[in-house]
Protein chains: 2
Amino acid sequence: MTEDRVYNFSAGPSILPEEVLRRAKAEIMNYHGSGMSVMEMSHRSPVFSEIFQDTKAKLRSLLRVPETHEILFLQGGATLQFAAIPMNLMEGGTADYAVTGNFSKKAAKEAEKYGTVHIAYDTGDTGHDRIPTQEELQLSPEAKYFYYCANNTIYGTEWQYVPETKAPLVCDMSSDILSRPVEVSRFGLIYAGAQKNMAPAGLTVVIVDKALAGRELPFTPQIMSYETMIQNDSLLNTPPCWCIYMLSLVLDWLKEQGGVEGMEQLKRERAKRLYDCLEESRLFRLHAQPGSRSDMNVTFRTGDADLDAAFIRYAAEKGLVNLKGHKVAGGMRASLYNAMPMEGVDALVNTIKEFERKHV
Amino acid sequence: MTEDRVYNFSAGPSILPEEVLRRAKAEIMNYHGSGMSVMEMSHRSPVFSEIFQDTKAKLRSLLRVPETHEILFLQGGATLQFAAIPMNLMEGGTADYAVTGNFSKKAAKEAEKYGTVHIAYDTGDTGHDRIPTQEELQLSPEAKYFYYCANNTIYGTEWQYVPETKAPLVCDMSSDILSRPVEVSRFGLIYAGAQKNMAPAGLTVVIVDKALAGRELPFTPQIMSYETMIQNDSLLNTPPCWCIYMLSLVLDWLKEQGGVEGMEQLKRERAKRLYDCLEESRLFRLHAQPGSRSDMNVTFRTGDADLDAAFIRYAAEKGLVNLKGHKVAGGMRASLYNAMPMEGVDALVNTIKEFERKHV
């Protein structure tokens, strides 16, 4: 890290590659000789259209999105998708929801406004410390789709498998998209808020099987209709242009790092170093159960809230910031997104060991 | 203009003050010693909370928003508000819409999904070249609200008065907010996409009378409920943090320029210089009628599409860009938002005169 920057373990919005920020800085007053900032460009101008189409093409290539699926650049975050998904896909019928954390719970609750929500599994009774197995999932024969959240930032769990279901899979990949290869054709819909692994907050990427579009409820706002947004190539109205541009820079960086395969190797290595340290620890213990642990968000605690707070302060003094766990989970959470350099993980491991030596 | 920048007459997204871009550039890698970019900050961190609250306070002060009204920072642009407004305020009843251009027409059409739309006036029969008078407005006694668009970017017209209605006023001020003082207490709801006079695309500012909240239809998405967003101070989910930060920089700049009173003086002077030139012209004619003309978007044409295109090319060669009119209106459009320096207007006036000398 340079320019007095910190290691930022925030769960989102979160760290961006320093190289990406440096490029944005260089181009912020005058993008590629256009005489203006990307923030000042008409979304229908040739110069911005090129950024837009290029970003889509790069994402399609990196995630190997088949032509059956459209990529949409939307606004409103996961929270708007909690409503858009049932409005577009539920047809007033039933959908299966796997509740493995805070966000899938919120998604299920919102969907109740638009049809019948069937909870396929709820891990709430053990504090969302694990992911259900395929066998545990209770699937409805009439489900219009099966909904799950691939990675649970708050509790630090991650699905290690793609569920087998008859109904189309709908997956919130907000916190692990682009961290591993995904067989997109297996999904009816994938979506992700950009602010964890992709770009600044304000952009939501939706990848939808075009065959599922056109079934929205009559009162669906035009901007929330996948069919309408597909027809307009996301440009029914002004998109979040700057975030799309930032995504484009992140995708260039990601490609140079070896694409999603490169990201997967790095994420496994980052997580391994931190989990190994915490498993050996006599002071800290992990929240998530083995086999369900997230490579993106590592949740741990001492069991003593004051000691947790002392650790968070100790780390912050060393430039390791935003390690406090989410308010509903407590303890600590280290988010290890794509942009987190390995030195950041090593610095955290060393800090954990130092703190432990002083307190055990 | 420096750094080889152009005069950008785009209708939106549009020009930002050069000084604002310069500040953003200086802080992009490390905001105020935080060690991170604003794009990387948790929206619930103390450092971002300060930016958020400070931006709200500055906007409240500059627009003199009374305590009866809440300021919301949302996503989805005007297009999402086209649905959110009737979902929240129409109660399945009737609302009056004044159709004076493309965007009020779209708003009225979207509202039909949620209740009965009564067209109070439609200026479509004369190509939306004027604003109706108070006497022409046909108001329904049972209207839940009266909707209008204060400034029509495509046709270059602007309401020179605030309508008198029994029903609460709902106004789209996307393209003239912060360009003149507004008596906010007269409005039930004011909203504006940020990408014209405020900030980069991706932020929608809503100023709503709190007494009107809490009447949303049962299927309203949580994120579209004004009541819910008021209760959560816009932070139900992650807001478009970078756009809010950019708005904060724009508001600082605006205050230094004399606030909305200063902006009003400048906008009248910019518009006067361009309208005077075009009224004297023997080549160009204005689209909008006197008394209805916009200070923000000046629409003009030669009457010959090829000559219009030649003018647009001629101006672009001189660094005056994005003068092409909207596809539904044709001709030229010069957007003179707050950030347009007077030298840009003078350069356009000179270019018009030069072109005229060559072609008359």
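Computed from a predicted structure; not experimentally measured.

Calculation rules
Residues numbered from 1 in each chain as written. Chains lettered and ligands numbered in written order. Predicted model: local features only at pLDDT ≥ 70, side-chain atom pairs only at ≥ 80, totals over all residues. Heavy atoms only, no water. Buried < 20%, exposed > 50% of the residue type's maximum accessible area, 1.4 Å probe, protein only. Helix = DSSP H or I, 4+ residues; strand = E, 2+ residues; numbered from the N terminus. Pairing = 2+ DSSP bridges. Axes fitted to C-alpha atoms, helices over the stretch in contact; angles between N-to-C directions. Contact = heavy atoms within 4.5 Å. Buried area = accessible area lost by both parts, 1.4 Å probe. Salt bridge = Lys/Arg side-chain N within 4 Å of Asp/Glu carboxyl O. Polar contact = N/O pair within 3.5 Å; in protein donor to acceptor, adjacent residues only side chain to side chain. Nonpolar A, V, L, I, M, F, W, Y, C, P; charged D, E, K, R; others polar. Phe/Tyr/Trp six-rings, centres within 6.5 Å; stacked < 30°, edge-to-face > 60°. Least-squares fit on C-alpha atoms with pLDDT ≥ 70 in both. Domains from an automatic or database assignment. Right-handed = clockwise from strand over helix to strand, strands pointing away. Expected span 1.5 Å × (residues − 1).

Caption draft 1: Seen up close, the pairing of strand β5 (residues 146-149) of chain B. All names here are of chain B. With burial as the criterion, each face of β5 is covered, one bearing F146 and Y148 and the other bearing Y147 and C149. Where strand β3 (residues 94-99) lies against β5, 2 bridges are found, and the strand directions are parallel. Bridge pairing in β5 places D96 opposite F146. As defined by bridge partners, β5 adjoins strand β8 (residues 169-172) across 4 bridges and the pair is classed as parallel. Bridge pairing links F146 to L169 in β8.

Caption draft 2: Structural view of the sheet that holds β3(B). All names here are of chain B. If you walk across this open sheet you meet the 7 strands as β2-β10-β9-β8-β5-β3-β4, and the pairing is mixed. The open sheet has two edge strands with one neighbour each: β2 (69-74) and β4 (116-122). Recorded for the sheet is a direction-independent mean angle of 20 degrees between the axes of neighbouring strands. As paired elements, β3 and β4 share 6 bridges and run parallel to each other. By the bridge assignment, Y97 is partnered in β4 with I119. Packed onto the sheet, helix α2 (residues 46-63) meets β2 and β10 (204-209) and runs at close to 130 degrees relative to β2.

Caption draft 3: Seen up close, the interface of chain A and chain B. On the side of chain B, 59 residues touch chain A, which itself brings 59 residues to the contact. When the two sides are added together, the surface that chain A and chain B hide from each other amounts to roughly 4,700 Å², 61% of it contributed by carbon and sulfur. Of all residues in chain A, M29(A), M39(A) and E40(A) bury the most surface against chain B, accounting for 16% of the area lost on that side. In this assembly, chain A and chain B are joined by 2 salt bridges. A salt bridge links R5(A) to E40(B); its shortest N-O distance comes to 2.8 Å. There are 26 residue pairs in polar contact (both at pLDDT 80 or more) connecting chain A and chain B. Residue assignment for the side of chain A that touches chain B shows that the elements contributing at least two residues are α1 (18-27), α3 (77-89) and α6 (241-256) of chain A. Classifying every residue of the side of chain A that touches chain B gives 29 nonpolar, 21 polar and 9 charged.

Caption draft 4: Molecular detail of the packing of aromatic side chains. All names here are of chain A. Applying the stated criterion across every chain yields a total of 34 aromatic pairs over all chains. With a centroid separation of 4.6 Å and 20 degrees between ring planes, the pair formed by Y97 and Y147 is classed as stacked. On the criterion of sequence distance, the pair formed by Y97 in strand β3 (residues 94-99) and Y147 in strand β5 (residues 146-149) is long-range, its members being 50 residues apart. The two residues Y97 and Y147 agree in class, both being buried. Look at F311 and F355: their rings are 5.2 Å apart centre to centre, the planes differ by 75 degrees, and that puts the pair in the edge-to-face class. Linking F311 in helix α8 (residues 305-317) with F355 in helix α9 (residues 342-359), this pair joins segments that are 44 residues apart in sequence. Judged on exposure class, the residue F311 and its partner F355 are both buried.

Caption draft 5: Quick peek at the relation of the copies chain A and chain B. Superposing chain A onto chain B takes a rotation of 180 degrees combined with a translation of 0.0 Å along the rotation axis, leaving an RMSD of 0.0 Å. The transformation just described matches what one would write down for a two-fold rotation axis. Of the interface residues in chain A, 100% have counterparts in chain B that sit at the interface too, so the contact is made through matching surfaces.

Caption draft 6: Seen up close, the sheet that holds strand β10 (residues 204-209) of chain A. Residues and elements named next belong to chain A. A sheet is described by the order of its strands in space; here 7 strands give the open sequence β2-β10-β9-β8-β5-β3-β4, paired in mixed fashion. Here the strands that pair on one side only, and so sit at the sheet edges, are β2 (69-74) and β4 (116-122). Put simply, the sheet's adjacent strands are angled 20 degrees from each other on average, direction ignored. Relative to strand β9 (residues 187-193), strand β8 (residues 169-172) runs parallel, the two being bridged by 4 bridges. Within β9, the position partnered with L169 by the bridge is F187. α3 contacts β2, β3, β5, β8, β9 and β10 of the sheet and is inclined by roughly 160 degrees relative to β9.

Caption draft 7: Main features of the domain arrangement of chain A. Residues and elements named next belong to chain A. Examined at the domain level, chain A breaks down into domain 1 (22-256) and domain 2 (259-359). Between the C-alpha centres of domain 1 and domain 2 there is a distance of 27 Å. Every contact between the two is made by 30 residues of domain 1 and, on the other side, 25 residues of domain 2. Between domain 1 and domain 2 the total buried area reaches about 2,300 Å² when both faces are included, carbon and sulfur atoms providing 51% of it. The partner of R64 in a salt bridge is E261, and the shortest N-O contact between them spans 3.0 Å.

Caption draft 8: Representation of the pairing of β3(A) within the structure. All names here are of chain A. A large share of β3 lies buried, amounting to 6 of its 6 residues. A two-sided burial pattern is seen for β3, the buried positions comprising T94, D96 and A98 on one face and A95, Y97 and V99 on the other. Handedness of the β3-helix α4 (residues 102-111)-β4 crossover: right-handed.

Caption draft 9: Quick peek at the environment of N297(A). Residue and element names in this part refer to chain A. With respect to the helices, strands and loops of the structure, N297 is situated in strand β12 (residues 297-301). Placed 36 residues apart in sequence, N297 and R333 show a C-alpha to C-alpha distance of 6.4 Å. Separated by 2.7 Å, the side chains of N297 and N151 make a polar contact. In this structure the side chain of N297 is engaged in a polar contact, spanning 3.1 Å, whose partner is the side chain of Y337.

Caption draft 10: Seen up close, unusual backbone geometry. Residue and element names in this part refer to chain A. Following G12, the chain continues to P13 via a peptide bond in cis, the omega torsion being -10 degrees. Mapped onto the fold, P13 is located in the loop between β1 (7-8) and α1. For S234, which is not glycine, the phi dihedral falls at a positive 70 degrees. Structurally, S234 is set in the loop between α5 (226-231) and α6.

Caption draft 11: Seen up close, helix α6 (residues 241-256) of chain B. Residue and element names in this part refer to chain B. Compared with the 22 Å implied by 1.5 Å per residue over 16 residues, the 23 Å span of α6 between its first and last C-alpha is a close match. For α6, a buried count of 13 out of 16 residues is recorded, marking the element as mostly surrounded by other parts of the structure. Looking one or two places after α6, you find G258, whose phi comes out positive at around 105 degrees.

Caption draft 12: Up close: the environment of I230(A). Residue and element names in this part refer to chain A. With respect to the element layout, I230 can be found in helix α5. Residue I230 is classed as buried on the basis of its relative accessible area of 16%. Note: C-alpha distance between I230 and K210 (20 residues apart in sequence) is 8.0 Å. In this structure, I230 is in contact with E70, L72, V208, K210 and A213, ignoring residues within four places of it in sequence.

Caption draft 13: Examining the pattern of salt bridges more closely. Residue and element names in this part refer to chain A. Evaluated as defined, the whole model comprises 53 salt bridges over all chains. Here E110 ties to K113 by a salt bridge, and the two come within 3.0 Å at their closest N and O atoms. Note on K113: relative accessible area 34%, which makes it partly exposed. Linked by salt bridges that have partners in common, E158, D176, R180, E264, K267, R268 and D295 make up one network.

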